[in-house]
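Spelled out, the chains give:
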Amino acid sequence: MSESTKQSQGSLARIGLALTIAASVSACATGTNPRDPLEGYNRAMFKFNDTVDQVALKPVATAYKKVTPSFVQTGVGNFFGNLADVWSAVNNLLQGKGEAGLQDVVRVSMNSTFGILGLIDIASQAGIPKHSEDFGQTLGWYGVQSGPYVMLPLLGPSTVRDTVALPLDIAGDPWRYKDPVNVRNIGTVTRVVDKRAALLDATNLMEAAALDRYEFIRDGFLQARESKVFDGDTDRRDRKVPKNDSSDYEPEYEAKPQAANDAPAATAAAEVAPADLVTSGSNTVASEAKPQE
């Protein structure tokens, strides 16, 4: 058995363990929010993730941002963003979105060749839009209910549906199969640090603005996630609510107009989502790795 296969199996086993822990906690942890029945467990995990970030990840990301030239950061973001386009293409095609899927294929082709293995985002400059799709979104597209909100160890915010889809999302990452292993590991660490560095300003803003950061992140994540599943089409979302929503609550943001003084918080919440590999200080990362200007 190859080293790559062993690592893949080990990662899947760890994810399975996380799911087992979450399932066992659900028997005793309850909350008043129908979207978040595991609130007691989730808050504890949120605190753990935040502590890990404050002690380890955020300081490293801060130093990385200060000492690494901006063009290097741009290249790193573009390179891994190009790899992410591969899985986005697969999921767009699985959802029957042929045009978006073909755009992703063209993006990967252009950026991998003319863009020097993705270091330069030629496709965006050519006007080809970037998408961010994963298997959790694909399941949601076909009506699979999101299930309760859950905070995963190190991985940050998720739902039961997205957590079940996570092994396939990890398996669909081309970097996962990079050899030799030491190069893969270095690249993975660089990817995480670069993504965290890109969010330093946004997470600092949230830390200063939110009275209850846990609720702020949870509500922002759930709203942003639903928007991503339905591609921002609120009409389609409304038609699909009975099929996609596992609870009988009415989403607050459908009934309440946005107050003017709430705009900064709402904007910040809409621009963050769960980390692909690791949590940030606010247990969030950008919903997609956008190329830095």
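How each quantity is defined
Residues numbered from 1 in each chain as written. Predicted model: local features only at pLDDT ≥ 70, side-chain atom pairs only at ≥ 80, totals over all residues. Heavy atoms only, no water. Helix = DSSP H or I, 4+ residues; strand = E, 2+ residues; numbered from the N terminus. Contact = heavy atoms within 4.5 Å. Areas by Shrake-Rupley, 256 points an atom, 1.4 Å probe, with all protein chains shown as cover. Buried < 20%, exposed > 50% of the residue type's maximum accessible area, 1.4 Å probe, protein only. Pairing = 2+ DSSP bridges. Core = buried A, V, L, I, M, F, W, Y, C linked by side-chain atoms within 4.5 Å. Phe/Tyr/Trp six-rings, centres within 6.5 Å; stacked < 30°, edge-to-face > 60°. Lys NZ or Arg CZ within 6 Å of the ring centre and 35° of its normal. Axes fitted to C-alpha atoms, helices over the stretch in contact; angles between N-to-C directions. Parallel < 35°, antiparallel > 145°, perpendicular 65-115°, else oblique. Nonpolar A, V, L, I, M, F, W, Y, C, P; charged D, E, K, R; others polar.

Draft legend 1. Focus on the overall build of the protein chain. A count of helical and extended segments in the protein chain gives 13 helices and 4 strands. Counting contacts in the protein chain only where the partners sit at least 6 residues apart, residues at least 24 apart contribute 69% of the total. For the protein chain, the computed accessible surface area is about 14700 Å², with 63% contributed by carbon and sulfur atoms.

Draft legend 2. Looking closely at the pairing of strand S1 (residues 149-152). Here S1 shows a buried face lined by Tyr149 and Met151 and a second buried face lined by Val150 and Leu152. Relative to strand S2 (residues 156-159), S1 is paired through 4 bridges, and the arrangement is antiparallel. In the strand pairing of S2, Val150 is matched with Ser158. Joining the antiparallel neighbours S1 and S2 is a turn of 3 residues, in which Leu154 adopts a positive phi near 70°.

Draft legend 3. Region of interest: unusual backbone geometry. Geometrically, the link from Asp179 to Pro180 is a cis peptide bond, its omega value of 0° lying close to zero. One can find Pro180 in the loop between helix H7 (160-171) and helix H8 (181-198). Notably, Ile116 is not glycine yet its phi reads approximately 55°, a positive angle. Exposure remark for Ile116: the relative accessible area of 49% places this residue in the partly exposed category.

Draft legend 4. Representation of the nonpolar core in the model. Counting residues in each nonpolar core, the largest one holds 16 residues, and the members touching the most others are Phe46, Tyr149, Val150, Met151 and Ile217. Elements with a minimum of two residues in this core: helix H2 (39-67), S1, H7 and helix H10 (213-229). Beyond its immediate stretch of four places on either side in the chain, Tyr149 contacts Arg35, Asp36, Leu38, Asn42, Pro157, Ser158, Thr159, Tyr214, Ile217, Arg218, Phe221 and Leu222. Among the nonpolar cores identified, the runner-up in size contains 11 residues, and Val76, Leu83, Trp175 and Ala197 belong to it.

Draft legend 5. How the structure looks around the packing of aromatic side chains. One pass over the full model with this rule turns up 6 aromatic pairs. Residues Phe80 and Trp175 carry aromatic rings whose centres are separated by 5.5 Å and whose planes lie at 80° to one another, so their mutual orientation is edge-to-face. Taken together, the residues Phe80 in helix H3 (residues 70-94) and Trp175 in the loop between H7 and H8 connect sequence positions 95 residues apart. For the pair Tyr149 and Tyr214, a centre-to-centre distance of 6.3 Å together with 75° between the ring planes defines the contact as edge-to-face. Linking Tyr149 in strand S1 with Tyr214 in helix H10, this pair joins segments that are 65 residues apart in sequence. For the pair Tyr149 and Tyr214, a shared accessibility class is recorded, and that class is buried. Within the aromatic cluster, the residues linked to one another by ring pairs are Phe46, Tyr149, Tyr214 and Phe221. Over the face of the ring belonging to Trp141 we find Lys97, whose NZ or CZ atom lies 4.7 Å from the ring centre.

Draft legend 6. Focus on the packing of H2 against H10. Close contact between H2 and H10 brings their axes to 11 Å; oriented N to C, the two are set at 105°. Between H2 and H10, the angle is such that the two are roughly perpendicular. In this structure, H2 uses Glu39, Asn42, Arg43, Phe46 and Asp50 to contact H10, whose residues at the interface are Arg213, Tyr214, Glu215, Ile217 and Arg218. Classifying every residue of the contact of H2 with H10 gives 3 nonpolar, 1 polar and 6 charged.

In short, shape yes, function no, at least from these values alone.
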